[in-house]
Amino acid sequence: MLCADILSGCEAHDYWLLPKAIEVDSTRDILSAQNEDEFSQDLFVRYQLDYEVSNLSSNQASEVVVSATSFVNSFERATGQKVWHLDPGQTVQGMLITSQLQLGNSLTISLQCCPLSRCSSRDVICPEISETTILPDVADVAAFCYDACHETTSCSESCPAEPACEDYCEGNKDIAQCRQTSCGFGGNVASCAFYCKNDQACLEQCRPTEECNTSCLSNRAACFKNCLSTWTQCSGEIYDPHTDEIPCAICGGQGLCATNFNNVEIGDRQLTAADGTVYPCAIDCNAYPASCLTGCENLYDDDASRMACLDRCLQQHLFWCNDNSLPLDYVDSRVKYPCCFNDFCQSTLSGVVKTYDVECFNDTDCSSGKTCSDEGICVSTGISSCSARTQRPGAPLGCFLCTGCVFFFLIRRRRGRHE
């Protein structure tokens, strides 16, 4: 009753309780889950998520990623996330703040297991290693990385649309250059979703550009290599595949070629096939070759051989691009990869979404000497020795009480599950 009394004194639209706990369970092949009902409203607001995440297992550690994404009229605005290692039975509380989630008119919340998560290198967590730790076989880690990086659908869905690319580059003096710079992944051209604007017939016929599809395959290869490289950094264990054959396709050839790690001069970029055919290579050191991935998957029938071939092929590329040296723990910081290495997860997430007013949408909405930040608040452009924090007018005490009430509610609900 106390909780209801406190909440009645707050602005009701500022607090959205997640109506149902989000649950993942690798024993039931539920590796990712999100809120069933989207948080949305007509007005643009700033978002914050206060949450509680629990490990339901009493004998195994669970590693999960809490994530929330804001949208502006159905287009992604910003994503905040946090990786958690939870001991058996452990419960923790956390927060994704407005600077991470920024602003929008809808929000999705998800809980993910390691194989489906994606992080930049600074956020990836290593396994806890001690004298008694029994590390998995490096080949098993390679299999985990290969499977985890297999999906390219999310990348392809954000690719520029081919018809939009054709319209954009029509009449350009150098169409090939225009396509390369504007129609690849992250280019200037609209995706199929934006180009078709919910026209289902258009969406069914729309296809992404070939330049972007190639980028997605390259990113998938980088995801695999980043995952293995980080494992090497974490554990000191090096994956050493028992093969020296890689696809001749990375040099424009066919079939399998031998690697050239030994007795070669710097700049000697070529591969030799079993029949003696020599293929000179013109490589782009800005990205892994997509042909490593497609070549290995086409030439081998089982995943173990494919991932061994892929790793050797990517090592060959790194060898050429690093003056014939072989960095086994190289990480491409431009490409995200699994946030952790534990494929067991059994956790739930409860939470409360808080919304705050948006002060501005551009600099002209702010007074002189202030600019509009990504999260929609006016910030000073001057240099100050102290930090300022905007505070909504109203009843700050009531809001602090609401926050306490929310966590009281979460704790009561968690205890109820165990009684």
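Residues numbered from 1 in each chain as written. Predicted model: local features only at pLDDT ≥ 70, side-chain atom pairs only at ≥ 80, totals over all residues. Heavy atoms only, no water.

Enquirer: Residue-level account of the overall build of the protein, with values.
Expert: When helices and strands are counted, the protein shows 12 helices and 15 strands. Looking at the protein residue by residue over its 419 residues, the buried ones come to 44%. Sequence-distant contacts in the protein: of pairs separated by 6 or more residues, those separated by 24 or more amount to 75%. Per element, the accessible surface of the protein, about 22300 Å² overall, is 48% carbon and sulfur. (Helix = DSSP H or I, 4+ residues; strand = E, 2+ residues; numbered from the N terminus. Buried < 20%, exposed > 50% of the residue type's maximum accessible area, 1.4 Å probe, protein only. Contact = heavy atoms within 4.5 Å. Areas by Shrake-Rupley, 256 points an atom, 1.4 Å probe, with all protein chains shown as cover.)

Enquirer: Tell me about the packing of aromatic side chains, and please be specific about residues and values.
Expert: Inspection of every chain in the model, using the stated rule, returns seven aromatic pairs. Among the aromatic residues, those joined into a ring-pair cluster are Phe 144, Trp 231 and Phe 341. The residue whose ring lies beneath Lys 82 is Trp 84, and the NZ or CZ to ring-centre distance is 5.1 Å. The residue whose ring lies beneath Lys 197 is Phe 194, and the NZ or CZ to ring-centre distance is 4.4 Å. (Phe/Tyr/Trp six-rings, centres within 6.5 Å; stacked < 30°, edge-to-face > 60°. Lys NZ or Arg CZ within 6 Å of the ring centre and 35° of its normal.)

Enquirer: Explain the pairing of strand 4 (residues 39–55) residue by residue, including any values.
Expert: Within strand 4, 13 of the 17 residues are buried, which leaves the element mostly enclosed by the surrounding structure. Sheet analysis places strand 4 next to strand 8 (residues 103–113), joined by four bridges and oriented antiparallel. Residue pairing in the sheet places Arg 46 in a bridge with Leu 103 of strand 8. As paired strands, strand 4 and strand 13 (residues 346–357) are joined by 11 bridges and run antiparallel to one another. Across the sheet, Val 53 pairs through a bridge with Leu 349, a residue of strand 13. Summarising the sheet, strand 4 and strand 7 (residues 91–96) pair through six bridges and their orientation is antiparallel. Bridged to Ser 54 within strand 7 is Thr 91. (Pairing = 2+ DSSP bridges.)

Enquirer: Can you explain the sheet that holds strand 11 (residues 270–273)? Please cite residues and give values.
Expert: Spatially, 9-10-11-12 is the arrangement adopted by the four strands of the open sheet, whose pairing is antiparallel. One side of each edge strand has no neighbouring strand; the edge strands of this open sheet are strand 9 (245–247) and strand 12 (278–280). Strand-to-strand, the axes of this sheet are offset by a mean angle of 45°, without reference to chain direction. Direction of pairing for strand 9 relative to strand 10 (residues 256–258): antiparallel, over a ladder of three bridges. Bridging from a neighbouring strand, Pro 247 pairs with Leu 256 of strand 10. Contacts from helix 10 (residues 290–299) reach strand 9 and strand 10 within the one sheet, and its direction differs from that of strand 9 by about 110°. (Axes fitted to C-alpha atoms, helices over the stretch in contact; angles between N-to-C directions.)

Enquirer: If you had to explain the pattern of salt bridges to someone new, which residues and values would you point to?
Expert: One pass over the full model with this rule turns up 12 salt bridges. For Asp 303, the salt bridge goes to Arg 306, with nearest N and O atoms at 3.6 Å. Taken together, the residues span about one helical turn, with Asp 303 and Arg 306 both in helix 11 (residues 303–321) at a distance of three residues. Looking at Asp 303, the relative accessible area reads 38%, which means it is partly exposed. One salt-bridge network, in which partners are shared between bridges, spans Glu 23, Asp 25 and Arg 28. (Salt bridge = Lys/Arg side-chain N within 4 Å of Asp/Glu carboxyl O.)

Enquirer: I'd like to hear about the nonpolar core, residue by residue, with values.
Expert: By size, the foremost hydrophobic cluster in this structure holds 51 residues, and its most contacted members are Cys 145, Phe 224, Ile 250, Leu 271, Leu 310 and Phe 341. Counting only elements with at least two residues in this core, the list comes to helix 3 (138–148), helix 9 (210–235), strand 11, helix 10 and helix 11. By residue number, the principal contributor to this core is helix 11, which donates nine residues. Sequence-distant contacts of Leu 310, defined by excluding residues within four places in its chain, comprise Tyr 146, Ala 221, Phe 224, Cys 292, Leu 293 and Cys 296. If you look at the next biggest cluster of nonpolar residues, it comprises 25 residues, including Val 45, Val 92, Cys 345 and Leu 349. (Core = buried A, V, L, I, M, F, W, Y, C linked by side-chain atoms within 4.5 Å.)

Enquirer: Give me the lowdown on unusual backbone geometry, citing residues and values where you can.
Expert: A positive phi angle, close to 50°, is found at Asn 73, a residue other than glycine. By relative accessible area, Asn 73 is classed as partly exposed at 47%. In the Ramachandran plot, Ser 74 falls in the positive-phi region, its phi being about 75° despite a non-glycine side chain. Along the chain, Ser 74 falls in the loop between strand 5 (62–72) and strand 6 (75–86).

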